[in-house]
Amino acid sequence: DTQVQTAWHRWTGVDRQTFQRFFPSSPGSPLPQSQFFPPAKDVMLPTGSFNNRVAFITGGGTGLGRAMTTTLSQLGAQCVIASRKLDVLQQTADEISSQTGNKVHAVQCDVRDPQAVSVCVDQMETLTGLPDVIINNAAGNFVCPSERLSPNGWKSITDIVLNGTAFITLELGKRLIKSQRGASFLAITTIYAESGSGFVVPSASAKAGVEALYKSLAAEWGRYGHRFNIIQPGPIRTKGAFSRLDPTGAFEKAMISRIPTGRLGTPEEIANLAAYMSSDFATWMSGAVIRFDGGEYVSMAGEFNELRRVTPDQWKMMEAMIRNTKGS
Ligand SMILES: CCCCC/C=C\C/C=C\C/C=C\C=C\C(=O)SCCNC(=O)CCNC(=O)[C@H](O)C(C)(C)COP(=O)(O)OP(=O)(O)OC[C@H]1O[C@@H](n2cnc3c(N)ncnc32)[C@H](O)[C@@H]1OP(=O)(O)O
Ligand SMILES: NC(=O)C1=CN([C@@H]2O[C@H](COP(=O)(O)OP(=O)(O)OC[C@H]3O[C@@H](n4cnc5c(N)ncnc54)[C@H](OP(=O)(O)O)[C@@H]3O)[C@@H](O)[C@H]2O)C=CC1
């Protein structure tokens, strides 16, 4: 709490009292029930599940993309990670490679640019050949009231998320079809792709578009040996997401309090799910949308869920009142 306030003061010059007036809450810790839902850290699939496989992960240099790359590499895959910052990618590639003993290649690519995507795939073909597993994970996002959003702000997010995913998917899909190669495509979206959400409107719109793209291609390209699936993660702490969606840390506590399992997700958990969905154990899974959020979505959706706060004594009283009601 104090650390966040100090950092806030350093960044903005706003003093502690003012911070507390605007952001009375503080970063949250797990709720007691989370002891029933401890996150597994181990890799779930058998060793070698991705031997002789090539996996391509956009945004693989940081956060969840890095975790998915680590798990696939541990399971034997040769990985190619792509994003804009080559230095970040290279460092991640070296670290994962030295940890797992399997090659991880770093290729610079701005997914917003179809020409750059084509060059990136050329590079990958030279390095590893075409991939067996494609994970569209790269994204951009920031919280912003929509009345403050500029056309370029809208374009910047929708270009990365929707156009970027489409450019990568079409480029790889066409080349795989030409080579008569099957593949597993996975897109990382978000729980609000389904519901929509204020304050992240470009992200919500673009992620919904990604889901429509993947469900459509699941129907169309099965005949070419391609599977398309989607993971909708709930909140998992990464610098990329939390610095842009909760920059002060003020909303974390409230967020955790609405998650029935009482804690945030972990990168290792989503990496295990992504590996399973991309593996030979899931060849009958296509067009699936897997929500992975500790129950947050249903907890926010049900209009009576606030009744969790009613105590046993209050229930006694309420039940008596209901039973005593005669007629309508
Ligand atoms: C209520 C509880 C909330 C708690 C939440 C806590 C945790 C999270 C929980 C769940 C997460 C759910 C979903 C998560 C989805 C995600 O996608 S998270 C991943 C986030 N990662 C990233 O965004 C990494 C990459 N991002 C970036 O590189 C940049 O942030 C950016 C997307 C902006 C792209 O960078 P760049 O191409 O350099 O763009 P510019 O800086 O030039 O900006 C382009 C235009 O956008 C405007 N803009 C930028 N930031 C803002 C802002 N904060 N507000 C308004 N507008 C912004 C910028 O001004 C440019 O427009 P103009 O040219 O000025 O018109
Ligand atoms: N963490 C969370 O709580 C949640 C995350 N998600 C989703 O999970 C995924 C990973 O997010 P997370 O790990 O948290 O955040 P990060 O910010 O760490 O990951 C985003 C990645 O996208 C890359 N990227 C951004 N713009 C481009 C671009 N134009 N071209 C190529 N790559 C780009 C970034 O690399 P670089 O800057 O080098 O380009 C970065 O590696 C995203 O799809 C996000 O929407 C969904 C729900 C919740």
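The protein chain goes by 2,4-dienoyl-CoA reductase [(3E)-enoyl-CoA-producing], mitochondrial in an unreviewed UniProt entry, where it is assigned to Sparus aurata. Quoted verbatim from the Function (unreviewed entry) field of UniProt, the annotation for the protein chain is "Auxiliary enzyme of beta-oxidation. It participates in the metabolism of unsaturated fatty enoyl-CoA esters having double bonds in both even- and odd-numbered positions in mitochondria. Catalyzes the NADP-dependent reduction of 2,4-dienoyl-CoA to yield trans-3-enoyl-CoA." Its UniProt record gives the protein chain the following Sequence similarities (unreviewed entry) comment, quoted word for word: "Belongs to the short-chain dehydrogenases/reductases (SDR) family. 2,4-dienoyl-CoA reductase subfamily."

Caption draft 1: How the structure looks around the domain arrangement of the protein chain. Each domain of the protein chain was delimited in the assignment, giving domain 1 (1-25) and domain 2 (31-324). The distance between the C-alpha centroids of domain 1 and domain 2 comes to 31 Å.

Caption draft 2: Inspection of the pairing of strand β4 (residues 133-136) at higher detail. Of the two faces of β4, the one lined by V133 and I135 and the one lined by I134 and N136 are each fully buried. Bridge count between strand β1 (residues 54-58) and β4: three bridges; the pairing is parallel. Directly across from F56, in β4, lies its bridge partner I134. Sheet analysis places β4 next to strand β5 (residues 183-188), joined by four bridges and oriented parallel. Considered in β5, the bridge of N136 is made with A187. For the segment spanning β4, helix α6 (residues 151-178) and β5, crossover handedness is right-handed.

Caption draft 3: Region of interest: the sheet that holds β4. Here seven strands make up an open sheet; going across it, the order is β3-β2-β1-β4-β5-β6-β7 and the pairing parallel. Sheet topology places β3 (104-108) and β7 (289-292) at the edges, where each strand pairs with a single neighbour. Strand-to-strand twist across the sheet, computed as the mean angle between neighbouring axes with direction ignored, equals 20 degrees. Looking at chain direction, strand β6 (residues 226-233) and β7 are connected through four bridges and run parallel. What sits directly across from P233, in β7, is F292. Here helix α5 (residues 114-127) sits on the sheet and contacts β1, β2 (78-83) and β3; the angle it forms with β3, its principal contact strand, is near 155 degrees.

Caption draft 4: Spatial organisation of the site of ligand 1. In the vicinity of ligand 1 lie 22 residues, with G140, N141, S150, N152 and G240 positioned nearest. It is helix α9 (residues 239-245) that contributes the most residues to the shell around ligand 1, five residues altogether. In the shell around ligand 1, the residues fall into 10 nonpolar, nine polar and three charged.

About the cut-offs
- Residues numbered from 1 in each chain as written.
- Chains lettered and ligands numbered in written order.
- Predicted model: local features only at pLDDT ≥ 70, side-chain atom pairs only at ≥ 80, totals over all residues.
- UniProt positions renumbered as here; feature names shortened; annotations may be inferred.
- Domains from an automatic or database assignment.
- Buried ≥ 20, exposed ≤ 12 C-beta atoms within 10 Å, placed from the backbone.
- Helix = DSSP H or I, 4+ residues; strand = E, 2+ residues; numbered from the N terminus.
- Pairing = 2+ DSSP bridges.
- Right-handed = clockwise from strand over helix to strand, strands pointing away.
- Axes fitted to C-alpha atoms, helices over the stretch in contact; angles between N-to-C directions.
- Contact = placed C-beta atoms within 7 Å.
- Near = placed C-beta within 6 Å.
- Nonpolar A, V, L, I, M, F, W, Y, C, P; charged D, E, K, R; others polar.

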